[in-house]
Each structure stands twice: as C-alpha cells, then as structure tokens.
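Structural features, examined
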Amino acid sequence: MLNIKNVCKIYKNKDYSQNVLKDINLCIEDQEIISLVGQSGCGKSTLLRIIAGLEKASSGYVELNKNIINKPSSNIGMVFQDARLMPWLNVYDNIKLSILNDDKETQRYKINETLKKVGLEDIGNLWPKQLSGGMAQRVAIARALVQQPQVLLLDEPFSALDSFTKSNLQDHVRHLWSSLKITIVMVTHDINEATAISDRVLILNKVLDNKITKNHIVKINKPRSTFPKNEYNELINNIIFNKNSNQFNALI
Amino acid sequence: MNIILNNKHLKLPFKSFNVLHTKIFTKLLQNSVCAILPITIIFIWHFLSVNEIVRSNLLPPPSEVVNEILILTNDGELFSHILITLNRVFNGFILGGILASVLGVITGISPTLRNLFDPTIQALKAVPSLAWVPLFILWFGIFENSKVALISVGVFFPIYLNLMMGIRQIDKKIIEVAHINNLNHFQTIRWVLIPGIIPEWITGLRSGLALGWMFVIAAELMGASEGLGYLMIDGQMTGRPALIIGALILFAIVGKLTDQLIYFLSKPFLKWKSSLNNMQEEENNA
C-alpha cells in the first residue's frame, strides 16, 4: 500500500517561495491503477517525483508498505514523458541499467522476458536512434519493469506520441497492469487517457494564491465497460475548470 | 541499386555476393571523390611550372618535388626526419592531452574548481603561441623539452575546452535516469558520464592534434637540426623550393594520417551516433 501523508512541497528561492503541493493525503491500494489529473503547474508531476524518491517533500512523507520513501528504490519504477534512453547504449543495455547488480544470466533472462512483455522482441541490438517514439517508450517501460517493482509511476508517458500509438500503448499498459498485478500511478493532463486507463482519478487543482483549493477523487466503478466513459470525462472536465460543481457534488 | 533490382527479378542465387560487390564498388567510388581535387591541383601546378608561367625556381614542377623526396628517401634520411617530428608531436600530444583531460574533467564536474581554474586557463589561452617560445627555451633549453612543451600547450586548449563543455552539457534528465535506477557513483561514471562525453572528448583530441601539428612547425622553425620543419628551413637556406614543397606535402600527409588514426580508433565508441545513417543506407540497399 502506498500511503501519502500530509505531503507539502514548497519551492523556495531567496525572496520567493511557492507552494506547489499542500497537505496531500492519499492512500493507494496494492494493485490499484490510478491517474493524477490536473492543469499544468498543479504539482501532479512533483507529487509523482516525491513518490519516486527523486524529490523530497517539504513536510509530510510517503510510505510504501510502511517504509518511508526518501530515495529511489527498485520497488518503484518510473517512466518519464520522454523515453530518456541513453543514446550510447543499445536497447538491451538500456534495460540492463535497472538491474546492473544481477549476474549476467539473470540479466539476460529478465531482459528477454520483459521485452516480450512489452511487445518488443529481437530489438535488443538496436540503438535508441533507430526506434520510433512508441517503441522507445515501450523500452522505457521495460526498463522500469525489469526490476520487478511493486509500483510503476508514469509521468505523462504518452503525451509526445501520435494518437494511434498512444491508444495502442494505453491498452498495453492496462493489459500489463492486469497481468503483472502491480500498482500503477499515472500523471496526465489528458482526461480521456485517465479514464481510459485507470480505475480511480485524482484531480489536483492548481494552487491559487499559494493554496490548494481542493482535491477531488472520482471513483470509476468496476467493471468500467458498463459505464459511459463520456459522462466521466465531462464530469472531470467540469471539476477541473470549475464549471459545474453542483453536478460534481451530486455524483461523488 | 539497379543491379540489385535486376537480381531480384532474375532470382540469381548469387544475390548476396553481388550486393556485397556493389557495396564495395559504391564505397570505392565515394571514397575516390576525395582524390579529384589534389590530382587537379597537381595537373594545374605541373602545367604552370612546365610552361614557365610561374618561374620554376619559385615553383618547381611536381616531378622535381617527387625527385627530391625520393633522394631523401634513398638516403634513409627522410624517414628519420618524419619519425623525429612524429615523436615530438606524439610526446606533446600525450603530455598536453593528459593535463587537459584531467583539468577538463575536474572543472567540468565541480563548479568550485571551475571557478578556481577556468578563468586563468581562459586567460592563458589568449596568449599567442609564439609568445611562449622565449620562456620555454629559457626554462627547458633549446632541445627536445622546449619543443614538446610548446606542442603540449597547443594540444591542451581544444581538449580542455571540449571536455569541460561536454561534461557541463550532459543532460540532467539522463542523470536522473541513473538516479532512479539506483546506480552508484562508479556505475554512473561507467554507464552514463564516460560514454556521454566521449564524442566531445574525441572532437577535442582531433582538434588538439591539429594544433599540435601547427605548433611542431613553429617549434622546428625556431631552431632544430632534424625534423620536417628543419627540412623546410634547410630548403629555404639552400634555395631548394622543391624541398620546401616536399616537406609541406609530407606534413599534410602525415598530419592527415594521424588524424585518421584517431578517427578509426574512436569509431567503435561513436557507433551509436552514426546508427541512423547506417539504417538509411541499409534501406537504400535493400
């Protein structure tokens, strides 16, 4: 279980400080798939980076199975918006980066298995330059998954891809989630994407006057296929842009 | 391309052989393009001097230059001159290269050390190369040491600058990937930092070597009893323009060869940079 307790984040300069996150409390169950949605600048990526251990919370903490996270660990894999593959390593070695401490045989086995899982085979020898955007992102997902993490964090992983590749990969992530039984936390600004992939959508409102106005959690009941997706999209849209909060209150 | 297509059509069993053949042929053709300009220049040069359009005591014909070089070769003298010059460049290159690499790495990594060293180094960079000569002769004598010191000064700056900038320009996002994957310091250096800066370092080495060749001439013109630069001075003193031109051409050839050597040695480390071109080539050939 991923537990986020009273997390605040303040960026401070000499004569300027900005509240990015204020008092975030959130509990993410094991094997849950959840999206963080919000406008740009609302702190959703920051929250994800705090969960990953890349940044420290100004106050509050995040714990995974009762262990407080203060640095990156192999329990948590992360995929960024751009694939961030090392251009000087081929696909195989790029994935190997996550499991450098394993012995060669284990590495080979794990990498080949993971490549299969993400739908890429026989491309271990290619250079990142030779990959399409979608393939590169799949390799990045493989790099995050090869260490067999409990939690996979996705930071706007599909926003740089064309819509065909995007929906393809979205299905794939959903599929990976159901077969691997891991927790997935995805940050996105695309409401359609959030409702397409996740079972729960957390909406972060932009900090106004250095205060977070409210955090909304919309539950999408399972099985999702019986629910009209459009309705949810509209609902979440309204919450983000504060168009019709009555409707929101009625539904939550 | 056509040949390959024809093969497909005829379904010849030797397709792969022919593809290889065409590949080699195309490559040879591409590579031989570089010979066009020198050959043209030699022809024009020959034409100018044989027809006395330029006086032959100023510009001797190519044949005379070749002759001069052949005479020196037969004496065995030429080889030792080339070797001595090469040796000077090599020593200067190693000395300057090591110093530059060490300083480039530490100033690239640490802002404090950069503030300490970089301004001084940048100021020294502005000193014209020849200005070092009197000092080095005073310090290191008139023989090899002062020459090697001068060459290493020339080699130093491009390597230092490229390496420092290369390290500073490493993408923070890539470092973050190393961080999230729990790489320790040694692993980060091995898998991320070193491969990331190798291209800049090699660019630095190649321009450093080019400057090394420039400075070896300066050093040998100043006073030497052997070496390619000495041959030039000798040619000037004894009124043999063919010798000067010959030494000049040898400089060009040996310089180019050493540069090519670095290029070939570095090729395996830069494979990932040219991968896209290779793929396009393969596509064209498929």
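Residues numbered from 1 in each chain as written. Chains lettered and ligands numbered in written order. Predicted model: local features only at pLDDT ≥ 70, side-chain atom pairs only at ≥ 80, totals over all residues. Heavy atoms only, no water.

**Here we look at the packing of helix H10 (residues 185–222) of chain B against helix H12 (residues 241–266) of chain B**
Residues and elements named next belong to chain B. Note the cut-off: Structural elements are reduced to axes, namely lines fitted to C-alpha atoms, with helices fitted over the stretch in contact, and the angle between N-to-C directions of any two is expressed from 0 to 180 degrees. The helix and strand labels rest on DSSP assignments: H or I over at least four residues marks a helix, E over at least two residues marks a strand, and numbering proceeds from the N terminus. Oblique is the label for every angle not falling under 35 degrees (roughly parallel), over 145 degrees (roughly antiparallel), or within 65 to 115 degrees (roughly perpendicular). Should the near helix be turned counterclockwise from the far one by less than a right angle, the crossing is left-handed, whereas a clockwise turn marks it as right-handed. Contacts are residue-level and defined by heavy atoms, with any inter-residue pair within 4.5 Å sufficient. Residues are sorted three ways: Asp, Glu, Lys and Arg are charged, Ala, Val, Leu, Ile, Met, Phe, Trp, Tyr, Cys and Pro are nonpolar, and all the rest, Gly among them, are polar.
It is at 10 Å that the axes of H10 and H12 come closest, and there the two elements cross at 160°. What the angle tells us is that H10 and H12 run roughly antiparallel. Seen from above, H10 lies across H12 with right-handed handedness. Contacts between H10 and H12 pair Ile202, Leu205, Arg206, Leu209, Trp213, Val216, Ile217 and Glu220 from the former with Phe251, Val254, Gly255, Thr258, Asp259, Ile262, Tyr263 and Ser266 from the latter. Of the residues assigned to the contact of H10 with H12, the class counts are 10 nonpolar, 3 polar and 3 charged.

**Digging into the pairing of strand S3 (residues 33–37) of chain A**
All names here are of chain A. Which entries qualify depends on this criterion: Partly exposed residues are those whose accessible area sits between 20% and 50% of the maximum for their type, while under 20% is buried and over 50% is exposed, using a 1.4 Å probe and protein chains only. Strands were regarded as paired on the criterion that DSSP finds at least two bridges between them.
Buried residues dominate S3, accounting for 5 of its 5 residues. Alternating positions in S3 separate into two faces, Ile33, Ser35 and Val37 on one and Ile34 and Leu36 on the other, with burial throughout. Where S3 and strand S9 (residues 200–204) come together, 4 bridges link them in parallel fashion. Residue pairing in the sheet places isoleucine 34 in a bridge with arginine 200 of S9.

**Observations concerning the side chain of B:Glu176**
This is how the line gets drawn: Within 3.5 Å is the distance limit for a polar contact, defined as a pair of N or O atoms, with the added protein rule that one can donate a hydrogen and the other accept it, and that residues adjacent in sequence qualify only through two side-chain atoms.
Checked against the element boundaries, B:Glu176 lands in helix H9 (residues 172–180). Side chain to side chain, B:Glu176 and A:Arg84 meet in a polar contact 2.9 Å long. Discounting residues that sit within four places of it in the chain, B:Glu176 has contacts with A:Arg49, A:Leu54, A:Phe80 and A:Arg84.

**Remarks on unusual backbone geometry**
All names here are of chain A. Unusually for a residue other than glycine, asparagine 6 sits at a positive phi of about 45°. Here asparagine 6 lies in strand S1 (residues 2–12). Take asparagine 6: its relative accessible area is 37%, and that puts it in the partly exposed class. If you check the backbone angles, glutamate 156 has positive phi at about 40° while not being a glycine. Relative to the assigned elements, glutamate 156 resides in the loop between strand S7 (151–155) and helix H5 (163–180). Exposure remark for glutamate 156: the relative accessible area of 10% places this residue in the buried category.

**A look at the sheet that holds strand S2 (residues 17–28) of chain A**
Strands sit in the order S2-S1-S4-S5 (chain A) across an open sheet of 4 strands; the sheet is antiparallel. Since the sheet does not close on itself, it has two edges, and those belong to S2 and strand S5 (67–68) of chain A, each with one partner.

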